[in-house]
Amino acid sequence: MKMAVIIKEFLYEKQLANHTKKTLSGYKYCLELFAKWLDTYQDIQELEDITPRDLKAYIHYHQKQGHKATYINGIIKVLRSFFKYCNGEEYCNVNYKKLEWARQDKPVINCFTPEQAKKMVAFYNGKDFTSIRNKTMIILFIETGVRCNELICIRPEDIKGNFIGNMVPDKLSAITERTIKHILNVFSSHIVCICQNLTLRFSKLPYKKQSFSRKKLCLLMMRKSIVRQLPQQVYR
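Quick look at the structure, then. Please read these numbers as outputs of a predicted model, since none were measured by experiment.

**So, the overall build of the protein chain**
Piece 1. Each helix and strand counted, the protein chain has 11 helices and 0 strands in total.
Piece 2. Scanning the protein chain from its N terminus toward the C terminus, one meets helices and strands in the order α-α-α-α-α-α-α-α-α-α-α.
Piece 3. Intrachain contacts of the protein chain at a sequence separation of at least 6 include 62% that bridge at least 24 residues.
Piece 4. When the accessible surface of the protein chain is summed, it comes to about 15500 Å², and 53% of that surface belongs to carbon and sulfur atoms.

**Regarding the pattern of salt bridges**
Piece 1. For the structure shown, the criterion picks out 2 salt bridges.
Piece 2. Of the charged contacts, one joins lysine 2 and glutamate 46 as a salt bridge, the two residues approaching to 3.4 Å between their closest N and O atoms. Of the two residues, lysine 2 is situated in the segment before helix H1 (3–16) and glutamate 46 in the loop between helix H2 (21–42) and helix H3 (52–64); the sequence distance between them amounts to 44 residues.
Piece 3. On the accessibility criterion, lysine 2 (45% relative accessible area) is partly exposed.
Piece 4. Overall, the relative accessible area of 25% leaves glutamate 46 in the partly exposed class.

**Digging into helix H5 (residues 114–123)**
Because an α-helix completes one turn every 3.6 residues, residues spaced three or four positions apart along the sequence face the same direction.
Piece 1. Inspection of H5 places Gln116, Ala117 and Met120 among the buried residues, and these make up the whole buried set. What you see down the axis of H5 is that its buried residues fit within an arc of 100°, all on one side. Turned more than 90 degrees off the buried face of H5, the exposed positions are Pro114, Glu115 and Lys118.

What counts, and where the lines are drawn
Residues numbered from 1 in each chain as written. Predicted model: local features only at pLDDT ≥ 70, side-chain atom pairs only at ≥ 80, totals over all residues. Heavy atoms only, no water. Helix = DSSP H or I, 4+ residues; strand = E, 2+ residues; numbered from the N terminus. Contact = heavy atoms within 4.5 Å. Areas by Shrake-Rupley, 256 points an atom, 1.4 Å probe, with all protein chains shown as cover. Salt bridge = Lys/Arg side-chain N within 4 Å of Asp/Glu carboxyl O. Buried < 20%, exposed > 50% of the residue type's maximum accessible area, 1.4 Å probe, protein only. Arc of directions from axis to C-beta.

Here it is, written out as structure tokens:
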């Protein structure tokens, strides 16, 4: 069976499983690159001709290209899922489990000290929209460890009586009662304004640009509003 045919069928199966457009796009990109490599370097066009040795050779190819372990493990994850499906449909019998994960070093994250966090929260004490917005963002970052995209995607309907609905459970439990009261009783109207403004801004962007822009926007807001104005010892 031609690789192009089985890749299309695999993606259709994932679509039925309700995977997101971003996930499907990642699967498609990774598998098409794999098929192109097989055709170019191994002279393989048929699924039945692929062996575990070809999979290992493909991973070795990426290692020689200098790609990071996280990127390589992403490829391995896609290939494992793909050949698990192919084996299950009895299109082939590739022992994909022989494909070992690349070793990843655990990243060391330099966190803010409690004193630095207090200085950042205390820096904005004004009653104007920008000060209230920035202070709310900092408190949410510090208290919950919320990701930039999760923060940007908060909508008015997500703000409940004692929690914010679009956060994962472990972050919900991290929000103190004092912070919830601070956000809901004082800043809720301002959060609604932020949400409506972002919705209007991003609705005009193409789908592929939205996720990138959402991730970057919060960082840009933090950089412009905080880093340029805080003393050096606060954020170093």
